[in-house]
Amino acid sequence: MSVVLKQKEQLRSAIQAAIEAAQASDELELASVPDIGLEVPRDSGHGDFASNIALVAAKMARKAPRDVAQIIAGHLPLGGFIRDVEVAGPGFINFFLSYDWLFDTIRTIEREGQAYGDSTQGAGEKILLEFVSANPVGPMNVVNARAAAVGDTLARLFRAAGYTVGTEFYVNDAGNQADVFARSLEARYQQLTDPGYAFPEDGYPASYVCELAEVLQKEHPELLEMGREERLALCKRWGTDQMVEMQKADLKNYGVEFDLWFRERDLHAAGALEEAIAFLEHRGLLFEAEDAKWFRSTEFGDDKDRVIVKSDGSYTYVTADIAYHHDKLKRGYTKLIDIWGPDHHGYIGRMQAAIQALGYGEDTLEVLILQYVALLRNGQQVKMSKRAGEFITMQDLVEEVGKDAARFFFLNRSPESHLDFDLDLAVEQSNENPVFYVQYAHARISSILRQGREMGVSLPSSTEVDLSLLAHDSEIALIKQLASLPEELLTAAVQREPHRVTRYALDLASLFHSFYTHCHILGETDSLRDARLVLVAQVQCVLRKVLGILGVDAPEQM
RNA sequence: GCGCCUGUAGCUCAGGGGAUAGAGCAUCGGACUUCUAAUCCGAGUGCCGCAGGUUCGAUUCCUGCCAGGCGCGCCA
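Parameters and conventions
Residues numbered from 1 in each chain as written. Chains lettered and ligands numbered in written order. Predicted model: local features only at pLDDT ≥ 70, side-chain atom pairs only at ≥ 80, totals over all residues. Heavy atoms only, no water. Helix = DSSP H or I, 4+ residues; strand = E, 2+ residues; numbered from the N terminus. Buried < 20%, exposed > 50% of the residue type's maximum accessible area, 1.4 Å probe, protein only. Contact = heavy atoms within 4.5 Å. Areas by Shrake-Rupley, 256 points an atom, 1.4 Å probe, with all protein chains shown as cover. Lys, Arg positive; Asp, Glu negative; His and termini not counted. Charge placed at Lys NZ, Arg CZ, Asp CG, Glu CD. Axes fitted to C-alpha atoms, helices over the stretch in contact; angles between N-to-C directions. Parallel < 35°, antiparallel > 145°, perpendicular 65-115°, else oblique. Left-handed = near helix turned anticlockwise from the far one by under 90°. Nonpolar A, V, L, I, M, F, W, Y, C, P; charged D, E, K, R; others polar. Phe/Tyr/Trp six-rings, centres within 6.5 Å; stacked < 30°, edge-to-face > 60°. Core = buried A, V, L, I, M, F, W, Y, C linked by side-chain atoms within 4.5 Å. Domains from an automatic or database assignment. Pairing = 2+ DSSP bridges. Polar contact = N/O pair within 3.5 Å; in protein donor to acceptor, adjacent residues only side chain to side chain. Arc of directions from axis to C-beta. Expected span 1.5 Å × (residues − 1).

**Some details on the overall build of chain A**
Then, in step 1: Secondary structure summary: chain A contains 20 helices and 15 strands in total.
Then, in step 2: When each of the 558 residues of chain A is scored for burial, the buried share is 54%.
Then, in step 3: Restricting to contacts in chain A with at least 6 residues of sequence separation, those with at least 24 account for 72%.
Then, in step 4: Counting every atom, chain A has about 25100 Å² of accessible surface; 47% of that belongs to carbon and sulfur.
Then, in step 5: In chain A, which carries 55 positive and 84 negative side-chain charges, the distance between the mean positions of the two groups comes to 1 Å.

**Quick look at the packing of helix α4 (residues 100-112) against helix α17 (residues 473-483)**
Then, in step 1: At a minimum axis separation of 9 Å, α4 and α17 run at an interaxial angle of 55 degrees. Considering the angle they form, α4 stands oblique to α17. Classified by chirality, the crossing of α17 by α4 is left-handed. Where α4 approaches α17, its residues Trp 101, Leu 102, Thr 105, Ile 106 and Ile 109 are matched on the opposing element by Ile 476, Ile 479, Lys 480, Leu 482 and Ala 483.
Then, in step 2: In the contact of α4 with α17, the residues fall into 8 nonpolar, 1 polar and 1 charged.

**What about the packing of aromatic side chains?**
Then, in step 1: Applying the stated criterion to the full structure yields 17 aromatic pairs.
Then, in step 2: Ring geometry for Phe 169 against Trp 261: centres 4.1 Å apart, planes inclined by 15 degrees, an arrangement best described as stacked. Of the two residues, Phe 169 is situated in strand β6 (residues 164-171) and Trp 261 in strand β7 (residues 260-263); the sequence distance between them amounts to 92 residues.
Then, in step 3: According to the relative accessible area criterion, Trp 261 is buried, its value standing at 12%.
Then, in step 4: Summarising the aromatic geometry, the rings of Phe 287 and Trp 294 are spaced 6.1 Å apart at their centres and angled 15 degrees between planes, so their arrangement reads as stacked.

**Comments concerning the packing of α4 against helix α20 (residues 526-550)**
Then, in step 1: Contact geometry for α4 and α20: axes closest at 10 Å, N-to-C directions at 60 degrees. Regarding the angle of α4 to α20, the classification is oblique. Helix-helix and strand crossings are classified by hand; for α4 and α20 the assignment is left-handed. Residues Ile 106, Ile 109 and Glu 110 of α4 touch α20, and the partners they reach there are Val 534, Leu 535, Gln 538, Cys 541 and Val 542.

**Considering unusual backbone geometry**
Then, in step 1: The residue Asp 26 is not glycine, and still its phi comes out positive at about 65 degrees.
Then, in step 2: Locating Asp 26 in the fold gives a position in the loop between α1 (3-24) and β1 (38-39).
Then, in step 3: Residue Arg 62 is not a glycine yet carries a positive backbone phi of 50 degrees.
Then, in step 4: Structurally, the position occupied by Arg 62 is in the loop between α2 (53-61) and α3 (65-74).
Then, in step 5: For Arg 62, a relative accessible area of 68% puts it in the exposed group.

**Digging into the nonpolar core**
Then, in step 1: Ranked by internal contacts, the top residues of the largest apolar core, which has 129 residues, are Phe 95, Tyr 254, Leu 397 and Phe 421.
Then, in step 2: At 13 residues, the largest contribution of residues to this core is made by α20.
Then, in step 3: The residues contacting Phe 95, other than those within four sequence positions of it, are Leu 11, Ile 15, Leu 38, Gly 47, Asp 48, Phe 49, Ser 51, Leu 76, Ile 82, Asp 84 and Val 85.
Then, in step 4: In terms of nonpolar packing, the next biggest core, distinct from the first, is built from 33 residues, Ala 272, Ile 308, Ala 357 and Leu 358 among them.

**What about the domain arrangement of chain A?**
In many reports, interface size means the accessible area that the parts give up when they come together.
Then, in step 1: In terms of domain boundaries, chain A breaks down into domain 1 (3-98), domain 2 (131-265 + 371-427) and domain 3 (431-550).
Then, in step 2: Taking only C-alpha atoms, the centre of domain 1 and the centre of domain 2 are 56 Å apart.

**Structural notes on the environment of Ala 88**
Then, in step 1: With respect to the helices, strands and loops of the structure, Ala 88 is situated in strand β3 (residues 82-88).
Then, in step 2: Linking Ala 88 and Ala 50, residues 38 residues apart in sequence, is a C-alpha distance of 9.7 Å.
Then, in step 3: Those residues in contact with Ala 88 that sit more than four places away from it in its chain are Arg 66 and Asn 94.

**Some words on the sheet that holds strand β10 (residues 306-309)**
Then, in step 1: On the basis of which strands lie adjacent, the open sheet formed by 3 strands has the order β8-β9-β10 and antiparallel pairing. On the outer flanks of this sheet lie β8 (286-289) and β10, each paired with one strand and no other. Going across the sheet, the axis of each strand differs from the next one's by a mean of 45 degrees, ignoring polarity.
Then, in step 2: As judged from the 4 bridges shared by β8 and strand β9 (residues 292-295), these two strands associate in the antiparallel manner. Note on β9: the bridge partner recorded for Leu 286 is Phe 295.

**Here's the deal with the side chain of Asp 404**
Then, in step 1: Along the polypeptide, Asp 404 turns up in helix α14 (residues 403-411).
Then, in step 2: At 3.0 Å, the side chain of Asp 404 forms a polar contact with the side chain of Gln 439.
Then, in step 3: When sequence neighbours within four positions are dropped, the list of residues in contact with Asp 404 reads Val 435, Gln 439, Gly 551, Val 552 and Asp 553.

**Points about the sheet that holds strand β2 (residues 49-51)**
Then, in step 1: A sheet is described by the order of its strands in space; here 4 strands give the open sequence β1-β2-β4-β3, paired in antiparallel fashion. Of all strands in the sheet, those with a lone pairing partner are β1 and β3, marking the two edges.
Then, in step 2: Of the pairings in the sheet, the one linking β2 to strand β4 (residues 92-97) comprises 3 bridges and is antiparallel in character. Looking at β4, one finds that Ala 50 is bridged to Asn 94.
Then, in step 3: α1 rests against β1, β2, β3 and β4 of the sheet, and its axis sits at about 40 degrees to β2.

**Quick word on the environment of Leu 370**
Then, in step 1: Relative to the assigned elements, Leu 370 resides in the loop between β12 (365-369) and β13 (373-377).
Then, in step 2: For the pair Leu 370 and Ile 339, spaced 31 residues apart in sequence, the C-alpha to C-alpha distance is 7.1 Å.
Then, in step 3: When residues no more than four places from it in sequence are discounted, the contact partners of Leu 370 are Val 143, Arg 146, Ala 147, Val 150, Ile 339, Trp 340, Gly 341, Pro 342 and Pro 415.

**What to know about α2**
Residue pairs three or four apart in sequence face the same way in an α-helix, which turns once every 3.6 residues.
Then, in step 1: Among the residues of α2, Ile 53, Ala 54, Ala 57, Ala 58 and Ala 61 are the ones counted as buried. One side of α2 carries all its buried residues, which in axial view fall inside an arc of 135 degrees.
Then, in step 2: After α2 finishes, the residue Arg 62 shows a positive phi value of roughly 50 degrees.

**As for α4**
Then, in step 1: End to end, α4 covers 18 Å across 13 residues, agreeing with the expected 18 Å (1.5 Å per residue, within 8%).
Then, in step 2: Taken residue by residue, α4 has Trp 101, Leu 102, Phe 103, Thr 105, Ile 106, Thr 108 and Ile 109 as its buried positions.
Then, in step 3: Structurally, α4 contributes buried residues whose contacts are with α1, β2, β4, α17 and α20.

Here is the structure:
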């Protein structure tokens, strides 16, 4: 259990005992004791912890909140771990604790290292996190980049929270768009020998298709000898494979590696669509109308029923997706989380319905919808046109601003907020760029420890130093921030809010920088120097931990 | 028309039933003979979109409205 939780539990029982004592002496009359709320106040002047118990209990006690607080406070034992108590504001009870819990925090981090902040909350739950899943017909865009950052960091947060996690990229290599792409590629291939060859009306005009055609010509010169159908099949297979490899490389370059790249065509080959259809048919959830086969998704709360087999006998996108999600569940995952772009939110209802039709609870599938990303340059929104092949790809972005800045920027916003990505700011190697601010804190600590070693001062163990020397305001604030990590990480995971981690990292870096200017280390007396060395080593450990969750490098020097 | 997201400082955004609503940037003024000044310290800024409701207490929760973005295919 985290130090903070342990502290809260102790306080809770102390408050409970105080209330009981007050009742025993007839000062307070309560039919029952409400939940005892405890929080770490934003303003450190309000103590280490504060409780609103008196405000909540006031009505039941038929007394003014401040009076209730006063009575409870009067029964709290001082001198032990509670250093001081005050009643403040509308009736808060503020607790000032002895510093032991802060020193405990330092020792805990030293003992747990990179495991500090982890929990076992998620034990027993197997989460499958599917994200990005961009069509294998071209380069990824900036929303894909946002999804990649959010999904990857969520996966890391889930692992830290004790969940078993699988990450997957669903490759939609069997649908319409793959066919359009194949025809485009085939046409560009033909045009290499026959410039007059017609390019499909709905084809992809972008130049990467031409470049791909040239590679294809070298690797598969036999294509011209084939029949058209066979030729298109090869273009589709080979072309989407090329795109997948490119996407894989781009994502790796961005610090994101999936456990599994799941091919839609494998589902088709395995007969999984037919199997899913038969399953639904067997449960009486399909019907025929207008020459097509429909899934009665309205049975499970969807707006309208959905076509599963088109009148031409082919399948819709949702058919394959049902089969895919069925496959995930059959692999033993207890929770499916999909991260989608904003244009897919209308799709949630039918997939939720499908999951229930397959016999699983309505909480099984959770869909997180990201919002759009607008790129700004010189304060102006960058206009993009996919049709014209003019758009900034994920790779462009990573090349321009770097992996660390890109990830940090995406993760610095709540997932559901529309995001303005300022390219000029992200690329700036200056104090304006928040990612450097955090990395700089890490590098500064490395530098101190390095110079200490050069001076023959090695890092002592917390048991060898007098931690009570850490009494400066900036030191106390810093340790409190370290103490709050476990709860922050857990909340970020449970609420699916990775931006909490960037905020935590920025706050920690800020507290460290402030400490750094107020407190020297290597020039101080041995005992103070050693205590501070232990402190900054733990700060560095935590910085490395949170940067690792964000997928951002923790440099030794800058 | 229906659905989703958003509306908080000049800008970009956090926060969230409770104490004086925060941060970064921008603006202004300070701090380097000492561990990295990519840093720190200080200063000002707010009908928390509007109107009702619930509550001891609402910027936060509920309802309605207004504004911006997006979606409502036998596309994916």
